[in-house]
Amino acid sequence: MALGIALAALATLVWSGSFVTSRALGDTVPPVQHAFWRWLIALAAVAPFGARQAWRQRALIRRHLGFVVLASLLGVATYNTLVNQAGVTTPAANMGMIMAASPVLMAVFERAGGVRLGARRVVGLLIACAGVLLLIGGVDTAGLAAGDLWMIAAACCFGGYSALLRRRPAELTGAAFLFTTFLLGTLMLLPAQALSLTVQGGFTPAPGTVLPLLYVGIASSALAFFAWNKAVTLIGPSRAGVVYYLQPVCVALLSWALLSEPLGWTQAACMALILGGVLLGAGARS
């Protein structure tokens, strides 16, 4: 169990930086183009490890094509595009805290599948979720009507993706799964990428745009998704979801340090509730 919690924490920490980059690139890189280049870079990063395995397991992938396509749609094509769209108007700290709603969905899906969660883990989830509700109740109405709603949709997608990982065929290796979902997700984004280039135009490659894209493509996609998928396999989506509640705390601190976004009493109260829920529920037995 310790390895699974450590991998979930690693993915959570790395993903925290991606919310900061989504916010930082919101004014320079259109959201769809941000997502497309992220996954194209991620695809190139995992290809040396996953392409050959995916080819060897092509018959297995074809048999479970519906599962793979749905995972690609939720976890690759849709989730990060919504996050990037939210980053245009929503502070990074709010983005990370609203994403803390997704573990509740993971737990709901897992319980619907017949898995007993245990009282302590449920209480931890509810305490951390209270921090999200406190945030949403205290944000500006205009922000909630725009960027925050995009983040709520993103949280639903990620919760569904994480719950779906429980159904991954045991024979399908992690590298083959990542390569296949990254490939399909990138292909799904191609029409939107072409439309964005036509309507919005491209962006100017510069250190301020290329380096963040390399970070989200290699670290936040290839590394973090592998760690998260392995963690869910080892400890299940609901327990990994409790660890995931650390993300808004990391995002708030990073956005304060790197983007000079203010930290108010609402964010501080959210952090306290989230940390309390993680400490209570992460090590809880089913």
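Notes on the structure in this doc start here. (Residues numbered from 1 in each chain as written. Predicted model: local features only at pLDDT ≥ 70, side-chain atom pairs only at ≥ 80, totals over all residues. Heavy atoms only, no water.)

## Focus: the overall build of the protein chain
Of regular secondary structure, the protein chain possesses 14 helices and 0 strands. Along the protein chain, helices (α) and strands (β) appear in the sequence α-α-α-α-α-α-α-α-α-α-α-α-α-α when read from the amino end. With 286 residues in all, the protein chain has 53% of them scored as buried. Restricting the contact set of the protein chain to residue pairs at least 6 apart, pairs at least 24 apart contribute 91%. (Helix = DSSP H or I, 4+ residues; strand = E, 2+ residues; numbered from the N terminus. Buried < 20%, exposed > 50% of the residue type's maximum accessible area, 1.4 Å probe, protein only. Contact = heavy atoms within 4.5 Å.)

## Description of empty space enclosed by the protein
All told, the structure shown has 1 cavity of 30 Å³ or more when counted by the stated rule. Approximately 40 Å³ is the volume found for the largest cavity. Lining the largest cavity, in full, are S18, F19, S22, R38, Y79, N80, V83 and N84. Elements that contribute at least two residues to the lining of the largest cavity include exactly α1 (2–24) and α4 (65–86). Looking at which element gives the most residues to the lining of the largest cavity, the answer is α4, with 4 residues. Residues that form the lining of the largest cavity fall into these classes: 3 nonpolar, 4 polar and 1 charged. (1 Å grid on protein atoms, 1.4 Å probe; cavity = no way out; pocket = protein on both sides within 12 Å on 5 of 7 lines; lining within 4 Å. Points joined across faces, edges and corners; volume = space filled by probe spheres on them. Nonpolar A, V, L, I, M, F, W, Y, C, P; charged D, E, K, R; others polar.)

## Describing the side chain of T181
On the secondary structure map, T181 appears in helix α10 (residues 174–200). Among the polar contacts made by the side chain of T181, one reaches the main-chain carbonyl oxygen of F177 at a distance of 2.9 Å. Filtering out sequence-adjacent residues up to four positions away, T181 remains in contact with V68, A71, S72 and V76. (Polar contact = N/O pair within 3.5 Å; in protein donor to acceptor, adjacent residues only side chain to side chain.)

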